[in-house]
Amino acid sequence: MQLTLNPDEIQICQLIGRMRSLIARSNGVKDAKIGNQDGAEADVIGMMAEYGFAKLMNVFPDLGLSPRSGSADGVMPSGNRYDIKASKHPNARLLSTLKVNPDVDVYVLCVVDTPALDYVGWAWQEDLIKAENIINLGHGEGYALDQDKLKQF
């Protein structure tokens with residue numbers, strides 16, 4: 001599933017992503033990214049992916065700026081709560097920290113190559129959060145699934 005953001009959508013996502021990063025860090029919310037990318041940049045591509053997925057699902061995106069940790073990114077029309085995981089790497093894995101989020105049913109992987117968004121697949125929480133999926137990519141342990149293990153849209 002693919003989507004191309006227009007310049008206005010990109011600017012909105014950049015603004016909200018940077019504001020979320022600043023607000024979260026100033027309120028002591030730990031940056032939970034699994035990688036060596038800049039935290040603010042990770043928040044911007046995450047916002048792009050969240051916005052795009054909400055647009056594709058025909059639901060309103062969460063544009064809130066209050067500090068949060070552990071909530072879902074949104075709710076699909078089916079009622080499933082989703083968490084978007086975004087990466088700039090074309091062969092990215094679906095990654096999650098070891099902290100289990102009880103507010104999420106579905107994890108979605110989006111590869112961001114601004115302005116293009118490619119939603120390469122998804123997994124139920126119980127399929128991702130398994131001991132056999134724990135890996136260490138050099139930044140601590142977390143859960144990971146390769147793209148060929150993800151369900152297609």
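Just above, that's the structure.
Each residue is numbered by its place in its chain's sequence as written, counting from 1. Where local features are concerned, this predicted model is filtered to residues with pLDDT of at least 70; where side-chain atom pairs are given and counted, the filter is 80 or more; whole-chain, interface and lining totals use all residues. Heavy atoms from the whole structure form the basis of all side-chain values; hydrogens and water molecules are not counted.

S.K.: Quick question: what am I supposed to make of the overall build of the protein chain here?
M.R.: Strands are runs of DSSP state E lasting at least 2 residues, helices are runs of H or I lasting at least 4, and numbering of each runs from the N terminus. Counting its regular elements, the protein chain contains 3 helices and 8 strands. Order of helices (α) and strands (β) in the protein chain, N terminus to C terminus: β-α-α-β-β-β-β-β-α-β-β. Here the C-alpha radius of gyration of the protein chain, 14 Å, is about what a compact globule of 153 residues would show, namely 15 Å. By its C-alpha atoms, the protein chain is 40 × 35 × 30 Å across when sized along the principal axes. Burial analysis of the protein chain (153 residues in total) assigns 41% to the buried set. Considering only contacts in the protein chain between residues 6 or more positions apart, those separated by 24 or more positions represent 62%. In short, Shrake-Rupley with a 1.4 Å probe defines the accessible areas, and a residue's cover is counted only from the protein chains shown. In the structure as shown, the protein chain presents an accessible area of about 8200 Å², 52% of it carried by carbon and sulfur atoms. Positive and negative side-chain charges in the protein chain, numbering 15 and 20 respectively, have mean positions lying 3 Å apart. Atoms considered for the radius of gyration are the C-alpha atoms alone. The globule rule reads 2.2 Å times the number of residues to the power 0.38. Relative accessibility thresholds used throughout: buried, under 20% of the residue-type maximum; exposed, over 50%; partly exposed, between the two (1.4 Å probe, protein chains only). A contact between two residues is defined here by any heavy atoms of the two lying within 4.5 Å. For this count, His and the chain ends are skipped, Lys and Arg are scored as positive, and Asp and Glu as negative. A charged residue contributes its charge at one atom only: NZ of Lys, CZ of Arg, CG of Asp or CD of Glu.

S.K.: Help me out: how do you make sense of the sheet that holds strand β7 (residues 134-136) in this one?
M.R.: Strands pair in a sheet through their backbones, by hydrogen bonds, and they do so in one of two ways: parallel or antiparallel. If you trace the 3 strands from one edge of the open sheet to the other, you get β4-β8-β7, paired in antiparallel fashion. Each edge of the open sheet carries a strand with a single partner, namely β4 (94-97) and β7. Going from strand to strand, the sheet's axes swing by 45 degrees on average, the running direction of each strand aside. Where β7 meets strand β8 (residues 141-145), 3 bridges bridge the pair, whose relative direction is antiparallel. Following the sheet pairing, N136 is matched in β8 by E141. Any two strands with at least two DSSP-identified bridges between them are counted as paired. Note on geometry: axes are lines fitted to C-alpha atoms, helical ones only across the stretch in contact, with angles between N-to-C directions running from 0 to 180 degrees.

S.K.: Would you take a moment to explain the packing of helix α1 (residues 7-26) against helix α2 (residues 39-57) for this structure?
M.R.: Packed helices, taken two at a time, are described by their axes: the angle between them and the distance between them. Two elements in contact, α1 and α2, have axes whose closest approach is 8 Å; the angle formed by their N-to-C orientations is 130 degrees. One element, α1, and the other, α2, form an angle in the oblique class. The element α1 and its partner α2 pack so that their crossing is right-handed. Between α1, through E9, I10, C13, Q14, I16, G17, R18, R20, S21 and R25, and α2, the contact on the second element is made entirely by G39, A40, E41, D43, V44, M47, M48, E50, Y51 and K55. Each angle receives one of four descriptions, namely roughly parallel if under 35 degrees, roughly antiparallel if over 145, roughly perpendicular if within 65 to 115, and oblique otherwise. A crossing counts as left-handed when the near helix is turned anticlockwise from the far one by less than a right angle, and as right-handed when that turn is clockwise.

S.K.: Help me understand the pattern of salt bridges in this model?
M.R.: Pairing between side chains of opposite charge can happen when the charged atoms of each approach one another. Any carboxyl oxygen of Asp or Glu that lies within 4 Å of a side-chain nitrogen of Lys or Arg is treated as forming a salt bridge with it. According to the stated counting rule, one finds 8 salt bridges in the structure shown. Taking the shortest distance from any N to any O, the salt bridge between E9 and K55 comes out at 2.6 Å. With E9 in helix α1 and K55 in helix α2, the pair connects residues that are 46 residues apart, well separated along the chain. Among the residues examined, E9 registers a relative accessible area of 7% and is labelled buried. For K55, a relative accessible area of 42% translates into the label partly exposed. One network of salt bridges, in which partners are shared, links R20, E50 and D62.

S.K.: Sorry, what's going on with α1 here?
M.R.: In this scheme, a helix's expected span is set at 1.5 Å multiplied by one less than its residue total. End to end, α1 covers 29 Å across 20 residues, agreeing with the expected 28 Å (1.5 Å per residue, within 8%). Looking at α1, one finds that the buried residues are E9, I10, C13, I16, G17, R20, S21 and A24. Along α1, the residues classed as buried sweep out an arc of 140 degrees about the axis, all on the same side. For α1, the exposed residues lying more than 90 degrees away from the buried face are P7, D8, Q11, L15, L22 and S26. Looking at the buried residues of α1, the elements they touch are β1 (2-4) and α2. Structurally, the start of α1 carries an N-cap: the backbone nitrogen of D8 is 2.9 Å from a side-chain oxygen of N6. Note: the arc covers the axis-to-C-beta directions of the helix. The definition of a polar contact used here is a pair of N or O atoms within 3.5 Å, where within protein one atom must be able to donate a hydrogen and the other to accept one, and adjacent residues in sequence count solely through side-chain atom pairs.

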